[in-house]
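Listed below are the residues making up each chain.
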Amino acid sequence: MWGGRFDGGPSAIMREINASIPFDKALWRQDIAASKAHVTMLGAQSIVSGEDAKAILSGLDKVAAEFEANGVPEDWALEDIHMTTESRLAELIGPVAGRLHTARSRNDQVATDFKLWVRDAIDQADAGLEALQKALVIRAGEHAASIMPGFTHLQTAQPVTLGHHLMAYYEMAARDRSRLADARVRLNRCPLGSAALAGTGFAIDREMTASALGFDAPTDNSLDGVSDRDFALDYLSAAAQCVLHLSRLAEEFVLWASQPFGWITLPDGLSTGSSIMPQKKNPDAAELVRGHSGRITGCLVSLMVTMKGLPLAYSKDMQDDKPPVFEAASLLALSIAAMTGMVAEATFRTERMRQAAELGYATATDLADWLVREADIPFREAHHITGTAVKLAEARGIALDLLPLDELKAIDARIDERVFSALSVEASVAARSSHGGTAPNQVRARVADARKALGMDPV
């Protein structure tokens, strides 16, 4: 490859540090596709003959079939997937293979291949998140009226419905899909034809190659075309935000599956046992999703630091752009699939959830609101009265709505029998009927909206 410029070959150290084939072989499908688009354009522009273009296309198909059947060989002397493909092509069709690299460089070649790979990863993540949303919507519909405590500071705050809680994660996933979609739009400009950094003197048709590869248009600056890795950072940023959401859901499932909560039974297929304690059913899949959030965030930071301060155009530092993206994509796909399975197959123990909402005095705010609304008491005074009632109920070990009326009136004479209509957990959630609230009718409305947006059949 370096024959004309160097007297000797690279040292063993240089071969090892320079070779990227152990990881960039993952790009082989994209490399074949981009090469076919490029040589087709070269033939159409008469930069190579039609006969040579046909031979190269046929040879590339043979290389692709070999890679599909046997995997990509790792010859470190060939450095990367691009030279590995071209070398095998030359073995199959002879010197005409050398015409494939006309009017392109490995710089625009790798930028194109990598963009195609990241675009596929975005589409895969989006499909996974759609499946997660569907699982959330189905379970939320089942539990639109199932009552549980809502928390702030992980302390019981107000009653909510399980369906409302699950739909909160639907909204997070919707934003994740939006971020991925935005990243895909910005990504979808083709760098092929930028050559090494300055473009090429050959009369190429960049619009043709861009269209053939599904891009919206070619990039407008050759320097930026070969040195841009914003698309990878955009993807990693979206992936990191997504896995943070998955980690929050995973953490809740870990808590809910613990014996002190006992709110959920996770599927056997996504749990493990203990090597010493026969009774254990550990939420390992959820814990691993939680752990993956750190690794994926680390992948984002890794590439950001790699790109920091690089002068235009291409520098070899950028060879390290792919491992963090490949790692993050694999972990994200696993994390989405794991949480989708847990949502779809978990058993929610709704009676325990309801009991926790009652015993946590989650309707205290409803008592305060009732005092303001019905007895015309300033909220701060109502807050104090309610606190006294909670203290009494806590001492008795009963829910607020089980306190006798005479004891409530002893706290404040303005309380009357109408208060009990506001103190049950059912009354509390039903009252929160503002748009986006936890009332069952609101949850069902949001579920219907979501089913329509996802193309699901109405219930």
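Cut-offs applied
- Residues numbered from 1 in each chain as written.
- Predicted model: local features only at pLDDT ≥ 70, side-chain atom pairs only at ≥ 80, totals over all residues.
- Heavy atoms only, no water.
- Helix = DSSP H or I, 4+ residues; strand = E, 2+ residues; numbered from the N terminus.
- Expected span 1.5 Å × (residues − 1).
- Buried < 20%, exposed > 50% of the residue type's maximum accessible area, 1.4 Å probe, protein only.
- Contact = heavy atoms within 4.5 Å.
- 1 Å grid on protein atoms, 1.4 Å probe; cavity = no way out; pocket = protein on both sides within 12 Å on 5 of 7 lines; lining within 4 Å.
- Points joined across faces, edges and corners; volume = space filled by probe spheres on them.
- Nonpolar A, V, L, I, M, F, W, Y, C, P; charged D, E, K, R; others polar.
- Core = buried A, V, L, I, M, F, W, Y, C linked by side-chain atoms within 4.5 Å.

> Would you explain helix H14 (residues 364-375) in this entry?
For an α-helix, 3.6 residues make a turn, and residues three or four places apart therefore share a direction. With twelve residues, H14 should reach 16 Å at 1.5 Å per residue; the first-to-last C-alpha distance of 16 Å fits that figure. For H14, every residue scored as buried is listed here: Ala 364, Asp 366, Leu 367, Ala 368, Trp 370, Leu 371 and Ala 375. Its buried side turned inward, H14 meets helix H15 (379-396), helix H17 (420-423) and helix H18 (425-431). One or two positions beyond H14, positive phi appears at Asp 376, with a value near 55°.

> When you look at the side chain of Asn 282 in this model, what are you seeing that I'm missing?
Here Asn 282 shows up in the loop between strand E5 (264-265) and helix H11 (284-307). Other than its neighbours up to four places away in sequence, Asn 282 contacts Ser 271, Thr 272, Gly 273 and Ser 274.

> Help me understand the layout of surface pockets, please; the structure alone is not making it clear to me.
The gaps left among the atoms become clear once a water-sized probe is rolled over them. Considered as a void within the structure, the largest pocket measures approximately 620 Å³ in volume. Forming the walls of the largest pocket are 26 residues, and the residues nearest its centre are Phe 151, His 164, His 165, Ala 168 and Glu 252. Mapped onto the lining of the largest pocket, the elements with two or more residues apiece are strand E1 (147-152), strand E2 (155-161), helix H7 (162-187), helix H10 (230-257) and helix H19 (440-453). Ranked by the residues each element gives to the lining of the largest pocket, the list is headed by H7, at seven residues. Broken down by class, the residue content of the lining of the largest pocket amounts to eleven nonpolar, nine polar and six charged.

> Could you clarify how one ought to interpret the nonpolar core in this entry?
One recurring pattern in soluble globular proteins: nonpolar side chains tend to sit buried together. Val 118, Tyr 235, Leu 246, Phe 253, Trp 256, Val 325 and Leu 332 are the most contacted members of the largest nonpolar core, which totals 102 residues. Those residues in contact with Val 118, other than ones at most four positions away along the chain, are Leu 187, Phe 231, Tyr 235 and Val 325. Counting 20 residues, the second-largest nonpolar core is a separate cluster that includes Trp 370, Leu 403, Ile 415 and Val 419.

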